[in-house]
Amino acid sequence: MTTNDTFHDAELKMLGEIWSSPALWPTMRVLCDDCNGRFVASDDERRAAAYIRDQLAQYGLTDAHTEEFPVRGWRRGEAQLTVNGVRLVCIGLPGTPPCDLQAPLVDLGIGEPADFTRVGEAARGKVALVLGKGSHRLEKYARAVQAGCVGFLFSNAEVGTLPPTGSLGFGGQPAPIPGAGIAYESYLRIGRMLQAGEQTAHLHMDAEAFPATGLNVIADIPGSDPAAGVLMACAHYDGHDIAQGAIDNASGTAAVMEAARALMVVRDQLKLGVRIALWSGEEVGMVGSSAYARTHLNELAQVKLVFNCDIVGNPGTLFIGLSGYDTDRVADAMRKLAGKEYDVNVVGGTTIPYSDHFSFGLRGVPALMAATGGPKYPHLGPHTYGDTLDKVDLRALRSSAAFTARVLLHLSHDPEPLPARHATADEVQEVLRKAGYEDLLKAQNRWIF
Ligand SMILES: [Zn+2]
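Criteria and thresholds
- Residues numbered from 1 in each chain as written.
- Predicted model: local features only at pLDDT ≥ 70, side-chain atom pairs only at ≥ 80, totals over all residues.
- Helix = DSSP H or I, 4+ residues; strand = E, 2+ residues; numbered from the N terminus.
- Rg over C-alpha atoms; globule rule 2.2 N^0.38 Å.
- Buried ≥ 20, exposed ≤ 12 C-beta atoms within 10 Å, placed from the backbone.
- Contact = placed C-beta atoms within 7 Å.
- Pairing = 2+ DSSP bridges.
- Domains from an automatic or database assignment.
- Nonpolar A, V, L, I, M, F, W, Y, C, P; charged D, E, K, R; others polar.

Our next topic: the overall build of the protein chain. Counting its regular elements, the protein chain contains 13 helices and 14 strands. Over its C-alpha trace the protein chain gives a radius of gyration of 22 Å, about what one expects of a compact globule, namely 22 Å for 449 residues. Across its three principal axes, the protein chain shows a C-alpha extent of roughly 80 × 45 × 40 Å. Per-residue burial for the protein chain yields a buried fraction of 53% across its 449 residues. Across the protein chain, every contact between residues at least 6 apart in sequence was considered, and the portion connecting residues at least 24 apart equals 82%.

The following block contains the structure:
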């Protein structure tokens, strides 16, 4: 057999492993049913970390271990919202301080800069009502804080959507004003009330913050040429405390674990090593991955590409958003691998400042985020009570794991399409400025330059 035939055989063997193995669903069951939401620094998180570490060790990976990082722990209590005497269901957004607050409401639309300009000084001292469309929740929250609002009510823009959760703090900083998630129906109702005149919100929330630690899980698949560097495949295994975090992100965790298991079967084909990393603390501001990037700074030069799976169990197109210097060839290589068999959309030159790949993208490492669209039940999605195991599309998840494994196998075996170097700090800053993220990152203490 030629070298090509040997490689082709190995690839088929690896794909057969993924498509015929019964491992994927039990992994999802343990992560979701035994470990619940795996909220950072909780007992559920500890149990999940130990399970992931032991599984990776059982698959034969080298040096499977956990690494501790400091984080601001948080526990929710009761939350009550009353507007004009009407009690509306709400939930505290993680990181929110406790409060007993009475203040007028102000409708800030979708919370974009133009909305805040329109309202101007009238937002000061009021509770911001904001709809989740356009920019990220954290950007809207930062704007509300800057505008002098005293509270933040947030709704997703989807009929039937449950009150969403989602953290307010970044990098373990305390959140300056209380924030709560409300149902879209409540959002619309408050909007109708506001048409009739000024309305006062009464928001009462119990919550507790405490110093704590989170756990990342790290393991290696060594390649034949240690000097050639490593590929990093990663996902955050932590989720929110109100559901199982099945889609976000037991799905990514299981896909990366499954890719790792299958790559072990063909490890004699790997030239570059593959480092497997399952992060915690993503949902409270990518705390685990940024701690890793900080504490392993001198190893980052060896990392040739970060492949981050965040939400890969929906049945729609697998979107791959790639950032970094000189990434055209690797984007093309992934498009070729996808062919017609995989429903994949590779987009280069994108900056997605949320999720863990960005902890590395910030430091110039070529990094991508893989995420599936087309959720079966959009109104029961991530960050709601509806993010449970039954929402996961197993076939899509298997396909995501298979594509992840194929990309890693091909790039490890033949690293030619990988970027020639990392982006410099100046290049990264220029990209972030052009994308309009500088102010936001500075407001959130994430501007590392
Ligand atoms: Zn996520």
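It is worth spelling out the pairing of strand E4 (residues 99–107) at this point. Pairing between E4 and strand E8 (residues 200–221): six bridges, direction antiparallel. Across the sheet, the residue bridging to aspartate 100 is histidine 204, located in E8. Note that E4 and strand E5 (residues 127–132) share three bridges and pair parallel. What sits directly across from leucine 105, in E5, is valine 127.

Glancing now at the environment of leucine 441. Among the structural elements, leucine 441 can be located in helix H13 (residues 438–443). Expressed as a C-alpha distance, the spacing of leucine 441 and phenylalanine 319, which sit 122 residues apart in the sequence, is 24 Å. Those residues in contact with leucine 441 that sit more than four places away from it in its chain are Pro353, Leu432, Arg446 and Trp447.

This part takes up the pairing of strand E7 (residues 179–182). Burial along E7 is two-sided: the face carrying Gly179 and Gly181 and the face carrying Ala180 and Ile182 are both buried. Where strand E3 (residues 90–92) meets E7, three bridges bridge the pair, whose relative direction is antiparallel. Following the sheet pairing, cysteine 90 is matched in E7 by isoleucine 182. When strand E6 (residues 151–156) meets E7, the two strands line up parallel, connected through three bridges. Looking across to E7, one finds that leucine 153 is bridged to alanine 180.

This paragraph deals with unusual backbone geometry. Leaving glycine aside, a negative phi is the common case for residues, and trans is the common case for peptide bonds. The amide bond that connects aspartate 248 to the next residue, asparagine 249, takes the cis arrangement and shows omega of 5°. Note that asparagine 249 resides in helix H7 (residues 246–265). Backbone geometry places alanine 41, a non-glycine residue, at a positive phi of 70°. Summarising the element assignment, alanine 41 is placed in the loop between helix H2 (24–34) and helix H3 (43–58). Not every positive phi belongs to a glycine, and aspartate 63 is a case in point at roughly 55°. In this fold, aspartate 63 is placed in strand E1 (residues 62–83).

Looking at the protein chain, the domain boundaries give domain 1 (3–72 + 211–443) and domain 2 (76–208). Computed over C-alpha atoms only, the centres of domain 1 and domain 2 are separated by 32 Å. The interface of domain 1 with domain 2 comprises 19 residues on the first partner and 20 residues on the second. At the level of secondary structure, the elements contributing two or more residues to the side of domain 1 that touches domain 2 comprise E1 and H13. When the residues that make up the side of domain 1 that touches domain 2 are grouped by side-chain class, the tally is ten nonpolar, six polar and three charged.

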